[in-house]
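Observations on the three-dimensional arrangement
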Amino acid sequence: MALLLEGGDEAFYAYALISLFVCCPLTFLPLLVLRFHAPYGKHTRGGWGLLLPPSLAWFLMESPTVWLTLLLLPFGRHRSDPVAVALLSFYLFHYIHRTLIYPLVIRKAPASSSSRGVPFAVAFAAFVFNLLNAYLQSRWITHYGNYTPGWLRTPKFAAGAAVFAIGMATNVWADRRLVALKREAGGGYKVPKGGLFELVSCPNYTGEIMEWLGWAILTWSWAGLAFFLYTAANLVPRAAGHHQWYLQKFPEEYPRSRKRVIPFIY
């Protein structure tokens with residue numbers, strides 16, 4: 001690892017960053033136009049081979065965001081910079097929750113009759129993406145970025161941190177509400193109500209998109225922007241799929257006024 005990084009990985013980093021930008025339309029267009037939805041959760045369907053328990057799948061596929069980030073940290077030239085450490089803590093805060101806490105939360109929820117696991121292929125694809133993204137985000141913050149000592153007092157950081165915090169609070173609240181609903185329904189589904197659920201079908205996705213918008217602002221980086229765009233490219237079409245699923249599942253009960261993921265807009 002040390003020899004690789006000391007040998008210079010600027011070209012590799014540039015290609016990796018371009019690849020993430022290219023992945024945005026390549027992800028968004030098939031998902032939205034062809035209405036392909038990853039086969040887990042509400043969109044579970046057969047024919048995808050080995051299934052992993054959801055809690056294990058989430059732990060494994062999200063884990064690179066923690067261990068690779070921490071592995072790369074000592075090799076960054078800003079590894080001891082308090083600004084870099086403070087910025088990286090936002091990324092780690094989200095993913096420590098997603099990797100270690102969220103799997104424990106969903107483990108307590110009863111499995112629905114239609115959703116018994118996450119296909120290994122889906123988990124592996126997410127694992128590979130998280131390897132790429134963890135490398136891009138952590139390497140920028142700890143090595144390639146150049147933040148002044150006063151960056152944490154800038155309007156960009158303050159605005160980004162606020163958006164990130166609101167987004168994460170929304171994401172965590174909505175996820176826990178959905179798990180609670182599954183318990184109430186004995187493993188089935190109910191119409192979510194209350195809070196941001198009154199405005200959109202997928203406030204958990206709204207919150208996550210907000211988080212990475214905040215991250216893009218507080219880091220003011222191409223890597224952060226690419227991650228935000230990819231998150232939106234992935235989650236906006238999936239929210240549309242969830243919205244349509246709710247309308248078909250609860251044709252009389254589901255509020256027609258709700259949007260998919262962006263309040264009052266989409």
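Residues numbered from 1 in each chain as written. Predicted model: local features only at pLDDT ≥ 70, side-chain atom pairs only at ≥ 80, totals over all residues. Heavy atoms only, no water.

**Some thoughts on the packing of helix H2 (residues 10-33) against helix H9 (residues 222-249)**
- Two elements in contact, H2 and H9, have axes whose closest approach is 8 Å; the angle formed by their N-to-C orientations is 20°. Judged by the inter-axis angle, H2 sits roughly parallel to H9. Handedness of the crossing formed by H2 with H9: left-handed. Contact with H2, carried on its side by Tyr-13, Leu-17, Leu-20, Phe-21, Cys-23, Cys-24, Thr-27, Phe-28, Leu-31 and Leu-32, involves Trp-222, Ala-223, Leu-225, Ala-226, Phe-227, Leu-229, Tyr-230, Ala-233, Asn-234, Val-236 and Pro-237 of H9 and no other residues of that element.
- Looking at the contact of H2 with H9 residue by residue, the class counts come to 19 nonpolar, two polar and no charged. (Axes fitted to C-alpha atoms, helices over the stretch in contact; angles between N-to-C directions. Helix = DSSP H or I, 4+ residues; strand = E, 2+ residues; numbered from the N terminus. Parallel < 35°, antiparallel > 145°, perpendicular 65-115°, else oblique. Left-handed = near helix turned anticlockwise from the far one by under 90°. Contact = heavy atoms within 4.5 Å. Nonpolar A, V, L, I, M, F, W, Y, C, P; charged D, E, K, R; others polar.)

**Regarding the nonpolar core**
- By size, the foremost hydrophobic cluster in this structure holds 47 residues, and its most contacted members are Leu-87, Trp-212 and Trp-215.
- Ranked by residues supplied to this core, first place goes to H9 with ten residues.
- With 13 residues, the next largest nonpolar core counts Tyr-40, Ala-57, Trp-58 and Val-122 among its residues. (Core = buried A, V, L, I, M, F, W, Y, C linked by side-chain atoms within 4.5 Å. Buried < 20%, exposed > 50% of the residue type's maximum accessible area, 1.4 Å probe, protein only.)

**Structural notes on the packing of aromatic side chains**
- Inspection of the entire model under this criterion finds 23 aromatic pairs.
- Between Phe-21 and Trp-222, the aromatic rings sit 6.2 Å apart at their centres with planes inclined by 70°, giving edge-to-face as the arrangement. Remark: Trp-222 occurs in helix H9 and Phe-21 occurs in helix H2; sequence separation between them is 201 residues.
- A relative accessible area of 25% means that Phe-21 is categorised as partly exposed. (Phe/Tyr/Trp six-rings, centres within 6.5 Å; stacked < 30°, edge-to-face > 60°.)

**Remarks on the environment of Ile-265**
- The topology assignment puts Ile-265 in the segment after H9.
- In this structure the C-alpha to C-alpha distance between Ile-265 and Arg-238, which are 27 residues apart in sequence, comes to 16 Å.

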